[in-house]
Structures are given as structure tokens and as C-alpha cells.
Amino acid sequence: MLDVQGLHKVYEGSGRRTEAVRDLTFSVAAGELVCLVGPSGCGKTTLLKCVGGLLAPTAGEVRLAGRPVDGPPPGMAFVFQEYGRSLFPWMRVGQNVELPLKQKRLSRQRRRALVADALESVGLADAAGAYPWQLSGGMQQRVAIARALAYEPEVLLMDEPFAAVDAQTRAELEDLVRRLWRERGITILFVTHDIDEAVYLGERVLVLSASPTVVREQLKVDLPDQRDQLHTRVNPRFAELRTRVYEQVQAAKRGR
Amino acid sequence: MGVPPARRTSGMWGKALLRLVFALALPAVLVALWWAASAGSTNVYWPPLRTVFGVFPDVWTGERLRGDVLPSVLRLAAGYTAAAVAGVALGTVIGSWRRVRALCEPVLEFLRAVPPPVLVPVIMLFAGIGDTMKIAVIASGCVWPVLLNTVEGVRAVDPVLAETARSYGITGVARLRDVVLRSASPQIFAGLRQALSIGIILMVISEMFAAGNGLGFTIVQFQRGFAIPDMWTGILLLGLLGFLLSVLFGLAERRVLGWYHGLRASGRRSP
Ligand SMILES: Nc1ncnc2c1ncn2[C@@H]1O[C@H](COP(=O)(O)OP(=O)(O)OP(=O)(O)O)[C@@H](O)[C@H]1O
Ligand SMILES: [Mg+2]
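Residues numbered from 1 in each chain as written. Chains lettered and ligands numbered in written order. Predicted model: local features only at pLDDT ≥ 70, side-chain atom pairs only at ≥ 80, totals over all residues. Heavy atoms only, no water.

### Some details on the overall build of chain B
And then number 1: Counting secondary structure elements, chain B contains 11 helices and 0 strands.
And then number 2: Sequence-ordered secondary structure for chain B, helices as α and strands as β, is α-α-α-α-α-α-α-α-α-α-α.
And then number 3: Relative to its full complement of 271 residues, chain B shows a buried share of 38%.
And then number 4: Partitioning the contacts of chain B with sequence separation of at least 6, the portion at a separation of at least 24 is 77%.
And then number 5: About 15,500 Å² of surface is accessible on chain B, with carbon and sulfur atoms providing 69% of the total. (Helix = DSSP H or I, 4+ residues; strand = E, 2+ residues; numbered from the N terminus. Buried < 20%, exposed > 50% of the residue type's maximum accessible area, 1.4 Å probe, protein only. Contact = heavy atoms within 4.5 Å. Areas by Shrake-Rupley, 256 points an atom, 1.4 Å probe, with all protein chains shown as cover.)

Spelled out as C-alpha cells, the structure:
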């Protein structure tokens, strides 16, 4: 579904040259949920923006369903790290979710249905008339997720979406992502720096090295499909996997 | 639970009444002071306020309102609207492209520094002394604050919002209408508000230079004819007009920028 080949990204400007991503190659199968973990500042956002067509890679290629990505593809939705700033504060929640659909030239009826359905599935059915800034942080992130869902993407890119919410909300949102993924069969590429989150959510975890970034390790998460916060996290296999990822991330931070 | 509806509405009315009292208290005091201080005045240039109020209805008859105030207001509306449209359009273009901005910035700074009334004689050369001249004067003075504020507002679109729009394929007209202009609207409105007071000043000044009617023209006529109380009524009317326009502007702003005031009050911008 998604193929990243030899991705290389160098930021140039103001006399500084930063090699954010050195050489990344991996692929994500259709309907898979893959988590990317890596130390802070290792180029996760850069990678995701290249995948989403928001940044042009310096070298290498990203392909979505065989076609090269050279701009934001219509089958892809992005959930940003800074959720508070990615919602349009002058629009109500419902309008925020609807705006991308207008651009897709869907009929009003179809738009209404998609908006209602998306808000319903993130548990915000009665917040459609509120402004984003009237909502809590966790609710705002749900709105961002609902907007992505309503867009009916084949691939959903999520950049540390829960980094700024409290632990309780975070657990709820993780379960929400798992549920939506199972129900809708979307392909999800989920970036995080939280090792537990990566193991809990993913079918596969890619560990990235420190900048300049390469894929350090790929790990299949062989936990049962049905996961819940209580039991999965005390599963011995979960502990093994998280130890494994933890070691890799630590090694990555030391830069070896 | 909760307050019975009757009491709640009476509370609401009470609040509105209180706001009204607050808004009118100081003007009332000032008028009272003026009234008292001028009561015994025998200075012809400074007549008692009572006299001014007394002649007001005789001066500003329906005919005068139609023949002098209405043309003034229409010219103001035309000049201001032209300035607003041109300022927002040009400002959006300049603010959107760094190259254009670098090219235009020095010229804009220069033109902005020229006091608009100075342009009146110049514009008279080109546009004559008719309505066109007055509208051009008003527009040429009003356009700068709108233009410069629009440039700033358009430049300052949050990069995360811009990227969000791009990732969802929101481009072209939709991007302009639903993202860029909305995001810049607080600054645009700040510019429009400055432009409004400049517009009123220029409306009067342009009529003082050369005109056959209008509020500024009438005031000058009264002054030349030593109809001093009448002149004062004109100044009062001008003040009232400015106040009324400012109130209308405030209402429009509240409607368009409701989200912005709410956002600021919520104090919860970004995580
Ligand atoms: N626009 C830019 N211009 C120049 N350098 C940049 C730019 N964006 C990111 N970088 C650099 O690229 C590197 C990777 O940044 P990136 O934001 O992709 O990391 P990240 O893994 O997402 O970090 P975090 O975990 O803090 O979100 C950093 O060294 C950063 O300084
Ligand atoms: Mg990041």
C-alpha cells in the first residue's frame, strides 16, 4: 500500500544544513497499523510529512498504491502533533469536519452523513455546534481524528497525536484508534515517542535511529488482536516487546 | 433548578440597562459641564450650549439632512468601501508572496508616511472638484491601514493551519475564503477601524477645500457667515455621526470576530 524507498531529507536554509532523514526504506501493507518510534528530534515529523506529500524529499521516493506521492494525495489524511493549532478556530466543530469534504465536491447530504458518522464514532455527536476552543485538549484531538475519518482516507498518518493529553485521555484515545482501525480497515502509520503506546497500538513497530535517521529495527507485535488497557499491558509478551523496543531506542539515543 | 425565567430575563435587562448607564454617564457629565460653563457666556465664538441646542432643529432640517449630510455619508461609504476592497485584495496578494512583499514594502512605507490631506490638492488636479475627487481622497487615505494590516494578517497564518489545509487539498478560492482571510480577519478589522476614523476626517477636509454641499462644506459656510451657534451644531452632528458609525462597526465586528474574542477569552490557544 505504502512504500518508502531510500527516503532522504536535508533541510537547507539560513546557512544551516540539517540532515534530518538519512536513508529510510520500509513499507506498510494495506490495512496494517504500523507504529514508528524514535528519540525526540530524530526526524519523525519530517518523515511523516514526506510520506504525506507535504514536504518534497531530497532523494528517494514515496509510493501510495503504486503511484508516486508528489503532493498531498486525496486518499491520505493527516493528524498533526499540534492538534490545538490544526483546527480552524473560526469554524464550529461540524464545519471543521465538513470543510475538506466540500473540497471533495460531495453532495450536502453525503457530507452531513459523513460528518455525523465521524463525530458519532469519536463520541462527540453533540459537540458539532461548539467551537474547538470551547473543548478540552482530548476532545480537540478527537475532532481532528473525526475530520480525518470523515475524509474517508485509505491511509491515515498520525504524528504523535496524543503527546499533549493526560494519561487517562491518552488511554481512551489509544483504544479509539484501535477500534476505528479494526472497524474501518484503514491503513495507519502512527508516530510516537512513547514505547508503550507503540507496542500497545501497533501490529508492527519500526524503531528509528537518532538523526540522521535510518530504520534501526522492525518488530512484529504478536499480541492478540483484541487489546485492552487492563489486560494487554500486563501480558508477559507485552513486557518482553516493550523491553526490546526500549533497548533499541536507548541504543539509538546513544547513537550506535 | 435555576432561576425562574421571568427573573432571568429581568436580570438580563438589568445588565443591559447598567451597560447603557455606564456608556452614557461620562458623555452626560461632559455635556452638563459644557452646559454649565457656557451658560452665561457672552463670547460670540463660544455661545451657550443651550443656544446651540436651541438652533439645532432649525439648522438640521430634513432638507439639510438630505442635501448635505446624505451626500457626505454616501461619499464616505463609496471611498471607504473602495479602500476596503482594494486594501484587502492588494494586501492579500502582497502578504501571500515573499517576493512581491520585498518589492513593495519600501514604496508602501513611503506612501503610508504621506499625510492623506496633502493629497487633496494633488488629487484635485487629476479628478477635478466633484464627487470623484472626494471619493478618491477618502479612499486614498483609508486604504493604507487596511492594506498594511491585511499584509500582516495574511503573513501570520499559522503554519500548522496552512499545512492542515494543504493536506486536505484545500486550495485556491476555498483556501483564500475559509483559511487565509478568516485567519487574517482580526488584523483586517483592526485596519478597517483605523480607516474609518481617517475616512471621516478626510470626508470633512475634502469638502472644506472645494464643494457645493456636504457636512464639512456647511460647517465652513456657517463659520464664514458668522453663524457661530449653527457651526457648533454641525460639529456636534459630526461627532454624533462618528459615534454612530463606530457603534455600527462594533456590531459588525462582534458578528464576524465572535470566534476570535471567544478564543482569546478562553485563553487556551495551543498546547
Ligand atoms: N523546517 C525545518 N528547517 C530546518 N530544520 C528542520 C526543520 N524541521 C525540522 N528540522 C530539523 O530536523 C530534525 C528532525 O525534526 P523533526 O521535527 O522531524 O523531529 P521529530 O522526530 O518529529 O521530533 P519530535 O519528537 O520533537 O516531534 C531536527 O534536527 C530539526 O531541527
Ligand atoms: Mg515531531
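Next comes the rest of the account.
### As for the nonpolar core
And then number 1: Counting 117 residues, the largest nonpolar core has Ile 188, Val 205 and Val 245 of chain A as its most contacted members.
And then number 2: The element that contributes the greatest number of residues to this core is helix α8 (residues 172-209) of chain B, accounting for 13 residues.
And then number 3: When residues of this core are assigned to domains, at least three fall in each of domain 1 (2-75 + 154-254) and domain 2 (86-152) of chain A.
And then number 4: When near neighbours in sequence (up to four residues on either side) are disregarded, Val 245 of chain A contacts Val 37, Ile 195, Val 199, Val 205, Val 207 and Leu 219 of chain A.
And then number 5: The next biggest cluster of nonpolar side chains, apart from the first, holds 29 residues, and it includes Val 28, Val 51, Leu 54 and Val 69 of chain A. (Core = buried A, V, L, I, M, F, W, Y, C linked by side-chain atoms within 4.5 Å. Domains from an automatic or database assignment.)

### Observations regarding the site of ligand 1
Residues and elements named next belong to chain A.
And then number 1: Close contacts around ligand 1 come from Tyr 11, Thr 18, Ala 20, Ser 40, Gly 41, Cys 42, Gly 43, Lys 44, Thr 45, Thr 46, Gln 81 and Glu 160, and that covers them all.
And then number 2: A distance of 3.1 Å separates an oxygen atom of ligand 1 from a polar backbone atom of Cys 42.
And then number 3: Gln 81 is positioned such that a nitrogen or oxygen atom in its side chain is 3.1 Å from an oxygen atom of ligand 1.
And then number 4: For ligand 1, whose accessible area on its own is 630 Å², the fraction buried by protein is 62%.
And then number 5: Those elements that provide at least two residues to the shell around ligand 1 are β2 (16-28) and α1 (44-51). (Near = heavy atom within 4 Å. Polar contact = N/O pair within 3.5 Å; in protein donor to acceptor, adjacent residues only side chain to side chain.)

### Here's the deal with the packing of helix α5 (residues 119-127) of chain B against helix α6 (residues 131-155) of chain B
Residue and element names in this part refer to chain B.
And then number 1: Here α5 crosses α6 at 140 degrees, and the two axes come no closer than 9 Å. When the interaxial angle is binned, α5 and α6 end up oblique. Handedness of the crossing formed by α5 with α6: right-handed. On the side of α5, the interface is formed by Leu 119, Val 120, Ile 123, Met 124 and Ala 127, while α6 contributes Thr 132, Met 133, Ala 136, Val 137 and Ser 140.
And then number 2: Of the residues in the contact of α5 with α6, the class split is 8 nonpolar, 2 polar and no charged. (Axes fitted to C-alpha atoms, helices over the stretch in contact; angles between N-to-C directions. Parallel < 35°, antiparallel > 145°, perpendicular 65-115°, else oblique. Left-handed = near helix turned anticlockwise from the far one by under 90°. Nonpolar A, V, L, I, M, F, W, Y, C, P; charged D, E, K, R; others polar.)

### Topic: the coordination of the magnesium ion (ligand 2)
Residues and elements named next belong to chain A.
And then number 1: Summarising the metal site, the magnesium ion (ligand 2) is bound by the protein donors Thr 45 (OG1) and Gln 81 (OE1), whose distances to it range over 1.8 to 2.6 Å. Here Gln 81 lies in the loop between β6 (76-79) and α2 (83-86) and Thr 45 lies in helix α1, a separation of 36 residues in the sequence.
And then number 2: Assessed through its relative accessible area of 27%, Gln 81 is described here as partly exposed. (Donors = N, O, S within 2.8 Å, 3.2 Å for Na, K, Ca; no water.)

### So, the side chain of Lys 134 of chain B
Residues and elements named next belong to chain B.
And then number 1: Inspection of the secondary structure puts Lys 134 in helix α6.
And then number 2: There is no salt bridge for the buried Lys 134, and the closest opposite charge comes from Asp 131, which lies 4.6 Å off by N-O distance.
And then number 3: With residues near it in sequence (within four places) discarded, Lys 134 still touches Arg 75, Ile 129, Ser 206, Glu 207, Ala 210 and Ala 211. (Lys, Arg positive; Asp, Glu negative; His and termini not counted. Salt bridge = Lys/Arg side-chain N within 4 Å of Asp/Glu carboxyl O.)

### Looking at the interface of chain A and chain B
And then number 1: Contacts between chain A and chain B engage 33 residues on the former and 26 residues on the latter.
And then number 2: For the pair chain A and chain B, the summed buried surface comes to about 2,600 Å²; carbon and sulfur atoms form 64% of the total.
And then number 3: Summed over the three residues of chain A that lose the most area to chain B, namely Arg 85, Trp 90 and Trp 133 of chain A, the buried surface amounts to 33% of that side.
And then number 4: Connecting chain A to chain B are 2 salt bridges.
And then number 5: Counting every contact that joins chain A to chain B gives 6 residue pairs in polar contact (both at pLDDT 80 or more).
And then number 6: When contributions to the side of chain A that touches chain B are tallied by element, the ones reaching two or more residues are β6, α2, α3 (93-103) and α5 (137-150) of chain A.
And then number 7: The class makeup of the residues in the side of chain A that touches chain B is 22 nonpolar, 7 polar and 4 charged. (Buried area = accessible area lost by both parts, 1.4 Å probe.)

### Some details on the domain arrangement of chain A
All names here are of chain A.
And then number 1: The domain architecture assigned to chain A consists of domain 1 (2-75 + 154-254) and domain 2 (86-152).
And then number 2: The distance between the C-alpha centroids of domain 1 and domain 2 comes to 24 Å.
And then number 3: On the domain 2 side, the residues contacting the 15 residues of domain 1 number 13 residues.
And then number 4: Here domain 1 meets domain 2 over a buried area of about 1,100 Å², counting both sides, of which 63% is carbon and sulfur.

### As for helix α3 (residues 62-96) of chain B
And then number 1: For α3 of chain B, with 35 residues, the first-to-last C-alpha span of 48 Å sits near the 51 Å given by 1.5 Å per residue.
And then number 2: Of all the bends found along α3 of chain B, the most pronounced is centred on Val 69 of chain B and spans about 35 degrees, while Pro 71 of chain B, a proline, follows it within four residues. (Expected span 1.5 Å × (residues − 1). Bend = angle between axes of the 7 residues up to and from the residue.)

### Section: the pattern of salt bridges
And then number 1: Evaluated as defined, the whole model comprises 31 salt bridges over all chains.
And then number 2: Between Glu 19 of chain A and Arg 22 of chain A there is a salt bridge, with the nearest N and O atoms lying 3.0 Å from each other.
And then number 3: With relative accessibility at 22%, the residue Glu 19 of chain A sits in the partly exposed group.
And then number 4: A relative accessible area of 42% means that Arg 22 of chain A is categorised as partly exposed.
And then number 5: One salt bridge in this structure joins Arg 75 of chain B and Asp 131 of chain B, with 2.9 Å as the shortest N-O distance. With a gap of 56 residues between them, Arg 75 of chain B in helix α3 and Asp 131 of chain B in helix α6 connect regions that are remote in the sequence.
And then number 6: Given a relative accessible area of 44%, Asp 131 of chain B falls into the partly exposed group.
And then number 7: What you see here is one network of salt bridges that share partners, running through Arg 170, Glu 174, Asp 194, Asp 196, Glu 197, Arg 233 and Arg 242 of chain A.

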